[in-house]
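# Observations on the model geometry
Residue-level listing of the chains:
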Amino acid sequence: MARGQQLGDNDRAFLKALLPRLGMTQLDFARSASLSQGWLSGVLSGARPTAEPAMLDRMAAAALQFLKERHEQNQIEEAEALELRQGLEGYLLSGLRPGERDISTPGGAVPARAVNYVTREVEREILDCLKQNTFTLAVEGPPQCGITTLLKRLEVEADKDGVEVAFLDCQEAAPKDLPATDREADEAMDRFCSFLAEMLAYEWGFGEVPGSIGRPGFPAWLRQQMASGRYKLRLLILDDLTAVGPRLALQIMSLIRVLHNARAEANLPVNFAIGMNCQFETVWDKVTRSSSYSVVYPQIQVDWFSEDEYTTWFKAITGEEARGALFDSLWGKYGGQPYLTHLAYT
């Protein structure tokens, strides 16, 4: 997954000033770019000092489209429109301009507005979780099969429903050297809990995080913080859990079980979603076979594109209705592997 791009004070000042100049609220902007409001707020405030290039691309493309519409409606002067356009185009990955086809770059989550976004057969099953009072969802599958895209879709739809969402790519919190002993895993888990607490304090508006919260104090701290906002429904998404290695992944899964049980005991309005990459078989096997994993429901399997999904992608991205040499070549070589298929085409 692409690492974040550092944002300077000038970047944030430009992006913060952009919204009132376009007449957009932060919520409108987040929804138009298929982002969560919490993520966007963190970027604009500086609480998130970095942002993935693909996310900045989505922000810029959405703002350029809105700018184009306002300009056409004579709601913004030519000089100001030109200034804003030039500023926004610096955040685009592919030089996409308003009105052009939005084909996302290979790697990372694919926004729902992109031409190459394919509505997967399992998508409805994942989004239906939002209709349940409680769930501890796991989305499992091979690498680059679309797990992050589906979890991002869940994040956006939950945000639209008024759910406060916190999305953590576990790679961001993974130690540089994966724990090789139980002691190292304990220390890494304390750091992970501190990292997660700081993130939730910002995303969900909690109070100050104790300096030594660690693994032992995290569940009690979370219960205390959520008690003050009992009627706010929240969703915690942990993507790519297997990236942290087997020892730390097992401890994180044990924490999820504790929080799952606390939800039932204290009627806490919080749900969980986990992304599990089965490429790392040792990690995946140990976590899914652990007693902690018994609390996970539903467990949803994602695979590469089915032939119908691949056909939908191919028609959307090429504009070709009939099967031909290119269709057969990509399907024959990559068998519907989403990332490699898209990479080979682009």
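Residues numbered from 1 in each chain as written. Predicted model: local features only at pLDDT ≥ 70, side-chain atom pairs only at ≥ 80, totals over all residues. Heavy atoms only, no water.

The secondary structure content of the protein amounts to 15 helices and seven strands. The C-alpha radius of gyration computed for the protein amounts to 21 Å, which stays within 12% of the reference 20 Å derived for 346 residues, consistent with globular compactness. Taken along its principal axes, the extent of the C-alpha atoms in the protein is 60 × 50 × 40 Å. Per-residue burial for the protein yields a buried fraction of 49% across its 346 residues. Of the accessible surface of the protein, which amounts to about 16,100 Å², a share of 48% is contributed by carbon and sulfur atoms. The positive charge centre, built from 35 side chains, and the negative charge centre, built from 47, are 3 Å apart in the protein. (Helix = DSSP H or I, 4+ residues; strand = E, 2+ residues; numbered from the N terminus. Rg over C-alpha atoms; globule rule 2.2 N^0.38 Å. Buried < 20%, exposed > 50% of the residue type's maximum accessible area, 1.4 Å probe, protein only. Areas by Shrake-Rupley, 256 points an atom, 1.4 Å probe, with all protein chains shown as cover. Lys, Arg positive; Asp, Glu negative; His and termini not counted. Charge placed at Lys NZ, Arg CZ, Asp CG, Glu CD.)

We now examine the nonpolar core. If you look at soluble globular proteins, the nonpolar side chains tend to sit buried side by side. Ranked by size, the top nonpolar core spans 44 residues in total, and within it Leu200, Phe218, Trp221, Leu236, Leu241 and Met253 carry the most contacts. With nine residues, the top contributor of residues to this core is helix H9 (residues 182–203). Leave out the neighbours within four places in its chain, and Leu236 touches Ala166, Leu196, Met199, Leu200, Trp204, Asn271, Phe272 and Ala273. (Core = buried A, V, L, I, M, F, W, Y, C linked by side-chain atoms within 4.5 Å. Contact = heavy atoms within 4.5 Å.)

We now examine unusual backbone geometry. The omega torsion of the bond from Tyr297 to Pro298 falls at 0 degrees, within 30 degrees of zero and hence cis. Its location among the elements puts Pro298 in the loop between helix H12 (281–288) and strand S7 (299–301). Look at Asn74: it is not a glycine, yet its phi comes out positive at around 60 degrees. Checked against the element boundaries, Asn74 lands in the loop between helix H4 (53–72) and helix H5 (78–89). At Asp240, a position not held by glycine, the phi torsion is positive, near 60 degrees. Its location among the elements puts Asp240 in the loop between strand S5 (234–239) and helix H11 (246–266). The exposure class assigned to Asp240 is buried, which follows from its relative accessible area of 14%.

Within the fold, Val43 resides in helix H3 (residues 37–45). Residue class for Val43 comes out buried when judged on its relative accessible area of 0%. In contact with Val43, not counting residues within four places along its chain, are Leu7, Arg12, Arg48 and Ala51.

The pLDDT averaged across the protein works out to 84; a share of 93% of its residues lies at or above 70. Per-element confidence in the protein is highest for strand S3 (residues 136–141), whose mean pLDDT is 96, and lowest for strand S1 (residues 5–6), whose mean pLDDT is 70. With pLDDT under 50 throughout, residues 94–100 is counted as low confidence; its partners more than four residues away or in other chains account for eleven contacts. (pLDDT = per-residue confidence, 0-100.)

Attention shifts here to the pairing of strand S4 (residues 164–169). Residues in a regular strand point their side chains to alternate faces of the sheet. In terms of burial, S4 is a largely internal element, five of the six residues being buried. Bridge count for S4 against S5 is six bridges, and the pairing is parallel. The residue of S5 that forms the bridge with Ala166 is Leu236. (Pairing = 2+ DSSP bridges.)

Glancing now at the packing of helix H10 (residues 214–227) against H11. Direction vectors running N to C along H10 and H11 enclose 30 degrees, while the axes themselves pass 11 Å from each other. Here H10 is positioned roughly parallel relative to H11, judged by the angle of their axes. Helix-helix and strand crossings are classified by hand; for H10 and H11 the assignment is right-handed. Between H10, through Arg215, Phe218, Pro219, Leu222 and Arg223, and H11, the contact on the second element is made entirely by Ser254, Leu255, Val258, Leu259, Ala262, Glu265 and Ala266. (Axes fitted to C-alpha atoms, helices over the stretch in contact; angles between N-to-C directions. Parallel < 35°, antiparallel > 145°, perpendicular 65-115°, else oblique. Left-handed = near helix turned anticlockwise from the far one by under 90°.)

End to end, H11 covers 30 Å across 21 residues, agreeing with the expected 30 Å (1.5 Å per residue, within 8%). Residues of H11 that are buried include every one of Leu248, Ala249, Gln251, Ile252, Met253, Leu255, Ile256, Leu259, His260, Ala262, Arg263 and Ala266, and no others. Asn267 lies just past H11 and shows a positive phi near 55 degrees. (Expected span 1.5 Å × (residues − 1).)

Inspection of every chain in the model, using the stated rule, returns 18 salt bridges. One salt bridge connects Arg12 with Asp9, and the closest N-O pair in it is separated by 2.8 Å. Linking Arg12 with Asp9, this pair stays in helix H1 (residues 9–22), spanning three residues, or about one helical turn. Exposure remark for Asp9: the relative accessible area of 60% places this residue in the exposed category. (Salt bridge = Lys/Arg side-chain N within 4 Å of Asp/Glu carboxyl O.)

Moving on, we get to the sheet that holds S7. The strand order across the open sheet built from five strands is S4-S5-S6-S3-S7, with neighbouring strands paired in parallel fashion. On the outer flanks of this sheet lie S4 and S7, each paired with one strand and no other. Each strand of the sheet is rotated relative to its neighbour by a mean of 15 degrees, with strand direction disregarded. Sheet topology places S3 next to strand S6 (residues 270–277); six bridges connect them, and they run parallel.

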